[in-house]
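A look at the structure
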Amino acid sequence: MSEHTLYLLKALFLGLIEGFTEFIPVSSTAHLLLVGDWIGFSSGASKVFEVVIQLGSILAVMWVFRARLARLIGGTFSGVRSELAFTRNLIVAFLPAAVVGALAIKYIKALFHHPGVFVVTLILGGLIMLWVERKPHFSKRAGVADESAADAHATARTLESITWKQALAVGCAQCLAMVPGTSRSGSTIIGGMLAGIQRSTATEFSFYLAMPTMLAASAYDLYRHGAALTGEEATAIAIGFVAAFASALVVVRAVLRFVAGHTYRVFAWYRIALGLVVWGWLALGG
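Residues numbered from 1 in each chain as written. Predicted model: local features only at pLDDT ≥ 70, side-chain atom pairs only at ≥ 80, totals over all residues. Heavy atoms only, no water.

The name an unreviewed UniProt entry assigns to the protein is Undecaprenyl-diphosphatase, from the organism Candidimonas humi. The record held by UniProt for the protein lists under Function (unreviewed entry) the comment "Catalyzes the dephosphorylation of undecaprenyl diphosphate (UPP). Confers resistance to bacitracin." Quoted verbatim from the Catalytic activity (unreviewed entry) field of UniProt, the annotation for the protein is "di-trans,octa-cis-undecaprenyl diphosphate + H2O = di-trans,octa-cis-undecaprenyl phosphate + phosphate + H(+)". (UniProt positions renumbered as here; feature names shortened; annotations may be inferred.)

Shown next as structure tokens:
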């Protein structure tokens, strides 16, 4: 097998990992960078590959929610109050990360080269998730999911009932996800729950917020570094993009089914375990 073929197979593998991890709170960026390092995949100093292939995952969620998106766009232009409020909330939630990202992209990308950051963000993020999901309230009625303390006190249980203040809180939480290992979905979902949004609704809102956020991030990264990409790097991005789209199609529906009846504790413990693995790897000279 030639080095070129092996390089593209690694890109395919990382694309699958991106799609599987983008919409669960475990940090797709941490997985891409760590696994890429472990398998010897080099995407260059600018890390365009890790950013742009996430667009494949976003297009997958846009496809899954295409009917709701069409209703949102049509309702916004026709002046439907609930759709106007939803659009307003997405804009309000998007703006904090857009501003911080434009001002601090250079410093954010520098953190991609420091695996030690992942130890802190993965473990700390897991502990925060366990804290938010504390004190479960189990229902005795058949088929009713258990609720965390945050869910039990939620004031917004549908997308339409989210207030602009809650949307702003989610947007500010999304800024934390710029630190690799934090997780964009994890930050926005937990931020939404702390702001009073029910877990399943916060998860769905996180999916919608990912659309403008990752579209903007991918376009900006391609604008800044696209001209410097080699033909091999561009091919790797295309392969990773398609793989991320395919795997994310499966994961999006699975995540929505999962959160309907479970808390996020399993992901919290996974984050802590992965953080400890990275810590041990670095201690051994990795």
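Observations concerning helix α11 (residues 199-225)
The terminal C-alpha atoms of α11, which comprises 27 residues, lie 37 Å apart, in line with the 39 Å expected from a rise of 1.5 Å per residue. When the local axis directions of α11 are compared, the greatest deviation, roughly 30°, occurs at Ala210, which is followed within four positions by the proline Pro212. (Helix = DSSP H or I, 4+ residues; strand = E, 2+ residues; numbered from the N terminus. Expected span 1.5 Å × (residues − 1). Bend = angle between axes of the 7 residues up to and from the residue.)

With respect to the packing of aromatic side chains
This model, assessed by the stated rule, comprises ten aromatic pairs. Their ring planes at 75° and their centres at 5.0 Å tell us that Phe23 and Phe207 sit as a pair that is edge-to-face. You can see Phe23 sitting in the loop between α1 (3-21) and α2 (28-38) and its partner Phe207 sitting in helix α11, a full 184 residues away along the chain. Ring plane angle 35° and centroid distance 6.3 Å describe the contact between Phe86 and Phe205, whose orientation is recorded as tilted. With Phe86 in helix α6 (residues 81-111) and Phe205 in helix α11, this residue pair connects regions lying 119 residues apart in the sequence. Residue classification places Phe205 among the buried positions, given a relative accessible area of 1%. Three or more aromatic residues joined by ring pairs make a cluster, and in this case those are Phe23, Phe65, Phe86, Phe205, Phe207 and Tyr208. Directly above the aromatic system of Trp63 lies the positively charged group of Arg66, at a separation of 3.9 Å from the ring centroid. (Phe/Tyr/Trp six-rings, centres within 6.5 Å; stacked < 30°, edge-to-face > 60°. Buried < 20%, exposed > 50% of the residue type's maximum accessible area, 1.4 Å probe, protein only. Lys NZ or Arg CZ within 6 Å of the ring centre and 35° of its normal.)

Brief notes about the environment of Ala210
Mapped onto the secondary structure, Ala210 falls in helix α11. Here Ala210 falls in the buried class, since its relative accessible area comes to 0%. Residues Ala210 and Leu55, spaced 155 residues apart in sequence, show a C-alpha to C-alpha distance of 9.5 Å.

Considerations on the pattern of salt bridges
One pass over the full model with this rule turns up three salt bridges. Linking Arg68 and Glu83 is a salt bridge whose minimum nitrogen-to-oxygen distance equals 3.0 Å. With Arg68 in helix α5 (residues 66-78) and Glu83 in helix α6, this pair connects stretches of sequence that are 15 residues apart. Of the two residues, Arg68 and Glu83, neither departs from the other in class, the shared state being buried. Across the salt bridge formed by Glu160 and Arg68, the nearest N and O atoms sit 3.1 Å from each other. One end of the pair, Glu160, is in the loop between α8 (149-152) and α9 (164-176); the other, Arg68, is in helix α5, and 92 residues separate them in sequence. Given a relative accessible area of 39%, Glu160 falls into the partly exposed group. When salt bridges with common partners are traced through the structure, they connect Arg68, Glu83 and Glu160 into a single cluster. (Salt bridge = Lys/Arg side-chain N within 4 Å of Asp/Glu carboxyl O.)

Observations regarding the confidence of the model for the protein
Chain-level pLDDT for the protein is 86 on average; 92% of the residues reach the 70-or-more range. Taken element by element, the predicted model of the protein shows its lowest mean pLDDT in α8 (65) and its highest in α9 (94). Throughout residues 137-145 the model reports pLDDT below 50, and contacts reaching past four residues in sequence, or to other chains, amount to ten contacts. (pLDDT = per-residue confidence, 0-100. Contact = heavy atoms within 4.5 Å.)

A closer look at unusual backbone geometry
Backbone geometry at Ser27 places phi at a positive 75°, although glycine is not the residue there. Structurally, Ser27 can be placed in the loop between α1 and α2. Phi at Ser183 takes a positive value of approximately 90°, unusual for a residue other than glycine. Along the chain, the position of Ser183 falls in the loop between α9 and α10 (184-194). Residue classification places Ser183 among the buried residues on the basis of a relative accessible area of 4%.

Brief notes about a nonpolar patch on the surface
Together, Met1, Leu6, Leu9, Leu12, Leu16, Phe20 and Val250 make up an exposed nonpolar region whose accessible area comes to about 660 Å². Considering each element in turn, the nonpolar patch owes the most residues, five residues, to α1. Structurally, the position occupied by Leu9 is in helix α1. (Patch = residues over 30% accessible without salt bridge, like charges linked within 9 Å, V, L, I, M, F, W, Y side chains within 5 Å. Areas by Shrake-Rupley, 256 points an atom, 1.4 Å probe, with all protein chains shown as cover.)

Brief notes about the environment of Gly125
With respect to the helices and strands, Gly125 occurs in helix α7 (residues 116-132). Between the C-alpha atoms of Gly125 and Thr87, which are 38 residues apart in sequence, the distance is 29 Å. Leaving out residues up to four positions away in the same chain, Gly125 has contacts with Val120 and Arg271.

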